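# Residue-level structure breakdown
For reference, the chains in residue letters:
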Amino acid sequence: MSSPSKRKDMDVMKLMMSDYTVEPINDSINEINVEFHGPKESLYEGGVWKVRVELPDAYPYKSPSIGFLNRIFHPNVDELSGSVCLDVINQSWSPMFDLLNVFEVFLPQLLLYPNPSDPLNGDAASLMIKDKDQYEKKVKEYCELYAKKENINGSTLTDESDEDESNEDISDGRSESSEEDVAATADP
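Another aspect to go through is the overall build of the protein chain. For the protein chain, the count of helices and strands is 9 helices and 4 strands. Taken from N to C terminus, the helices and strands of the protein chain fall in the order α-β-β-β-β-α-α-α-α-α-α-α-α. Partitioning the intrachain contacts of the protein chain with sequence separation of at least 6 by distance along the chain shows that 57% fall at a separation of at least 24.

This is the structure in structure tokens:
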């Protein structure tokens, strides 16, 4: 079992030494958060996401679990859980792949070439098929609202699932809003 363990250490270290910001969870490399930037020349360009990676004990023989922690509008990403529907991770994973492949090839390809015929987000898939302009507008709107560098620090889908952004301040015990902000978001 030392070989998979060494490989896991090596793959996480390669990711840390690359251009990615990697945060171990609970001082373990079995669970990490990785800062992921939307690919250039895509609808997601300029977006920044925190991606949760869970490495099973049998990694690299068993694929990692990958999920977006901040919201993204995409046919192949579940909007509530952030789970990713990607064959190469879920079905055809090979020990030849590593974490750099996930972040440099698999996720960028997913964002560049969404597959609305195999959706996890039916609304995104339907909109993409029926009204491409509205789909593109909604993707860009989500990038503006949820995929900025300042949004990923301490963010999770549950923090952001409410459209009322003041709830984000409650989740981490701090409030950065002024009295004017609170008054502006009060219900009528």
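Attention now goes to the pattern of salt bridges. Evaluation of the coordinates by the stated rule reveals 7 salt bridges. Linking Glu-31 and Arg-52 is a salt bridge whose minimum nitrogen-to-oxygen distance equals 2.4 Å. Here Glu-31, found in strand β2 (residues 28-37), pairs with Arg-52, found in strand β3 (residues 48-54); they are 21 residues apart in sequence, far enough to count as distant. Looking at Arg-52, the relative accessible area reads 24%, which means it is partly exposed. For Glu-35, the salt bridge goes to Lys-149, with nearest N and O atoms at 2.7 Å. Placement of Glu-35 in strand β2 and of Lys-149 in helix α6 (residues 149-152) is noted, with a sequence separation of 114 residues between them. For Glu-35, a relative accessible area of 11% puts it in the buried group. The exposure class assigned to Lys-149 is partly exposed, which follows from its relative accessible area of 43%.

All told, the structure shown has 11 aromatic pairs when counted by the stated rule. Centre to centre, the rings of Phe-36 and Phe-68 are 6.4 Å apart; their planes meet at 70°, and the pair counts as edge-to-face. Of this pair, Phe-36 sits in strand β2 while Phe-68 sits in strand β4 (residues 65-68), placing them 32 residues apart in sequence. Each member of the pair, Phe-36 as well as Phe-68, carries the same accessibility label: buried. Ring geometry for Phe-36 and Phe-103: centres 6.1 Å apart, planes at 55°, overall tilted. Taken together, the residues span a long stretch of sequence, with Phe-36 in strand β2 and Phe-103 in helix α3 (residues 99-112) at a distance of 67 residues. What makes Phe-103 buried here is its relative accessible area of 1%. What links up through ring pairs into an aromatic cluster is the set Tyr-20, Phe-36, Tyr-44, Trp-49, Phe-68 and Phe-103.

What follows concerns the sheet that holds strand β1 (residues 22-25). The strand order across the open sheet formed by 4 strands is β1-β2-β3-β4, and the pairing between neighbours is antiparallel. Each of the sheet's edge strands pairs with one partner strand only, and the pair in question is β1 and β4. Geometrically, the sheet is characterised by an average inter-axis angle of 25° between neighbouring strands, direction not taken into account. Relative to β2, β1 runs antiparallel, the two being bridged by 4 bridges. Residue pairing for β2: Val-22 is matched across the bridge by Val-34. Relative to β2, α3 is tilted by about 40°, and along the sheet it contacts β2, β3 and β4.

Moving on to the nonpolar core. Grouped together as the largest cluster of nonpolar side chains are 39 residues, with contacts concentrated most on Leu-15, Trp-49, Val-51, Val-53, Phe-68, Phe-103 and Leu-107. Secondary-structure elements contributing two or more residues to this core are α1 (2-17), β2, β3, β4, α2 (87-90), α3, α4 (122-130) and α5 (132-146). A per-element tally of this core places α3 first, with 8 residues.

Here the bond from Tyr-59 into Pro-60 is cis, since omega is 15°, no more than 30 degrees from zero. The topology assignment puts Pro-60 in the loop between β3 and β4. Phi is positive for Glu-41, close to 60°, though the residue is something other than glycine.

Calculation criteria
Residues numbered from 1 in each chain as written. Predicted model: local features only at pLDDT ≥ 70, side-chain atom pairs only at ≥ 80, totals over all residues. Heavy atoms only, no water. Helix = DSSP H or I, 4+ residues; strand = E, 2+ residues; numbered from the N terminus. Contact = heavy atoms within 4.5 Å. Salt bridge = Lys/Arg side-chain N within 4 Å of Asp/Glu carboxyl O. Buried < 20%, exposed > 50% of the residue type's maximum accessible area, 1.4 Å probe, protein only. Phe/Tyr/Trp six-rings, centres within 6.5 Å; stacked < 30°, edge-to-face > 60°. Pairing = 2+ DSSP bridges. Axes fitted to C-alpha atoms, helices over the stretch in contact; angles between N-to-C directions. Core = buried A, V, L, I, M, F, W, Y, C linked by side-chain atoms within 4.5 Å.

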